[in-house]
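Architecture at a glance
Residues per chain are reported as follows:
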Amino acid sequence: MGKKEIKKERIPVPERPAEERIKDFKEVKLGYTPELAIEEAKRCIQCPTAPCVEGCPVRVPIPQFIKLIAEGKFVEAARKIKEENILPSICGRVCPQEDQCEKVCVIGKIGQPVNIGGLEAFAGDYEARMGSEKIEKAEPTGKKVAIVGSGPGGITCAVDLAKLGHSVTIFEALHEPGGVLIYGIPEFRLPNEIVHRELEALKELGVEIKLNCVIGKTKTLEELRREFDAVFIASGAGLPYMLNIEGLNLNGVYSANEFLTRVNLMGAYRFPEYDTPVFAGKRLAVIGGGNTAMDVARTAKRLKGVEEVYIIYRRSEKEMPARVEEIHHAKEEGVIFKTLTNPVKFIGENGWLKGIECVRMELSEPDESGRRRPVPIEGSNFVIDVETVVLAIGQGPNPIVMEGVEGLEIGKWGQIIVDPETCQTSLEGVFAGGDVIHGGSTVIQAMGDARKAAAAIHEYLLEK
Ligand SMILES: Cc1cc2nc3c(=O)[nH]c(=O)nc-3n(C[C@H](O)[C@H](O)[C@H](O)COP(=O)(O)OP(=O)(O)OC[C@H]3O[C@@H](n4cnc5c(N)ncnc54)[C@H](O)[C@@H]3O)c2cc1C
Ligand code: SF4
């Protein structure tokens, strides 16, 4: 028998054309059909060492679930993923697979790696249409755990602990659970309906969610420590960094956090049907080159009345931290890239922004991060006329949750310090994970931390 020929190119996931999709907030990707999914799954050679599994922070059994898809057993494939990852439809859509499982897929050495993310989303969606399986739960242990934050970190830890029979309560500051999945990542990449659907698992497991409860204000961390046997902090990194330049307080200057929260969480793109407005003017610029910047730019493109959207980034496109796919989608949708450009002043008139004075940059020697340092070119200043600017230059942990707590070790940029093996903080019985320990990171990293913490919390509770 001849050697099986490997198809070098992946089967593309069907997408809506750019001209059509910028008119609404519906999902850009249409997802694999069963036929296409089977064809893509057959590209996996089922390598026994499966380096892809090592590349996944929660160790999804990748070859096994892909084999089930190749055999047409789609529901079984989703259940196989769910043994390790409760949120396949979410992770399949938003994980940076090109830096994780797909980066090490052996097919990537001779062609394009297997589309592991696309297949994961397909399986998750398929199972949801068929009706998910009941999740098994251990006998109640009588132990109570409090979780601060309902983003991917909090959700994953809650699921793991509830499955082990512990009683879990999540405390969430906002009026809806989901963290960045709901208020940050736009619907055209991750529909809110999918987040709501995957959160059903929490209800099924009897996890209680207390909304509108800010730990550090409504209730303190010390109170949680007294009332519960253990605490997991997954409060994220929702505090935006702002540029310290003239004109920051003009009307029309937003943080990415505020802009995206208005549009995604509060539904401002449907104003006046929804009562939260968002002002975007005719021309809008986004400062930054990460995924958040791309999300803001693509969101702005979809708002009524917005004609031109710019990305202003001080390095070149090669250094942009955003996913290649995101940059590609933004360009297809008509976002204009102004790279090697840095804002120096926001110019106003009657209290409203009317332009950004920028300076052109050039790249010099690499800095500590290994990236070439951008330096301004003297005398190259110019103005970009815009009515709105959105700052997407990064964010750090919000200190409210740590307010008044003694003995909690905090790092120099406000992150909670933990033991990397167990996610245990300097306080007994208090664990932390996700963006609150790393700063802006990824969904799967938060889930990986949460799994580690849940295992350590379980051990701690058994010994207590
Ligand atoms: C715009 C944007 C796009 C992104 N795109 C991607 C992507 O495509 N792929 C990817 O992998 N990652 C992406 N990320 C990063 C990813 O979303 C985060 O790394 C991840 O959500 C972190 O999870 P978490 O559970 O630690 O925190 P979060 O998701 O931030 O959740 C924290 C929750 O805690 C709540 N909270 C905060 N303080 C308190 C308090 N004191 N009391 C009670 N509740 C509190 C918050 O309201 C929030 O709901 C993106 C981030 C942003 C902002
Ligand atoms: S590394 Fe690639 S080919 Fe090998 S098992 Fe994983 S997905 Fe399949």
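Please read all numbers here as calculations on a predicted model, not as lab measurements.

Cut-offs used in this document
Residues numbered from 1 in each chain as written. Chains lettered and ligands numbered in written order. Predicted model: local features only at pLDDT ≥ 70, side-chain atom pairs only at ≥ 80, totals over all residues. Heavy atoms only, no water. Helix = DSSP H or I, 4+ residues; strand = E, 2+ residues; numbered from the N terminus. Buried < 20%, exposed > 50% of the residue type's maximum accessible area, 1.4 Å probe, protein only. Contact = heavy atoms within 4.5 Å. Near = heavy atom within 4 Å. 1 Å grid on protein atoms, 1.4 Å probe; cavity = no way out; pocket = protein on both sides within 12 Å on 5 of 7 lines; lining within 4 Å. Sits in = over half its atoms within 2 Å of the grid points. Nonpolar A, V, L, I, M, F, W, Y, C, P; charged D, E, K, R; others polar. Domains from an automatic or database assignment. Buried area = accessible area lost by both parts, 1.4 Å probe. Salt bridge = Lys/Arg side-chain N within 4 Å of Asp/Glu carboxyl O. Polar contact = N/O pair within 3.5 Å; in protein donor to acceptor, adjacent residues only side chain to side chain.

1. What about the environment of Asp125?
Following the sequence through the fold, Asp125 ends up in helix α7 (residues 116–130). For Asp125, a relative accessible area of 16% translates into the label buried. Apart from the residues within four sequence positions on either side, Asp125 is in contact with Ser89, Arg93 and Arg197.

2. Concerning the site of ligand 2
For ligand 2, the full set of nearby residues is Cys44, Ile45, Cys47, Pro51, Cys52, Pro63, Cys105, Val106, Ile107 and Ile116. Among the cavities detected, the one that contains ligand 2 is the second largest cavity. Classifying every residue of the shell around ligand 2 by side-chain character gives ten nonpolar, no polar and no charged.

3. Examining the domain arrangement of the chain
Taken domain by domain, the chain consists of domain 1 (18–130), domain 2 (144–238 + 396–463) and domain 3 (242–391). When each unit is reduced to the centre of its C-alpha atoms, the spacing between domain 1 and domain 2 is 26 Å. Interface area, domain 1 with domain 2, both sides summed: about 1,900 Å², of which 72% is carbon and sulfur. Our count for the contact surface shared by domain 1 and domain 2 stands at two salt bridges. Applying the counting criterion to the domain 1 and domain 2 interface returns seven residue pairs in polar contact (both at pLDDT 80 or more). Among the elements of the structure, α6 (88–94) and α7 are those that each provide at least two residues to the side of domain 1 that touches domain 2. Take the side of domain 1 that touches domain 2: its biggest share by element is six residues, from α6.

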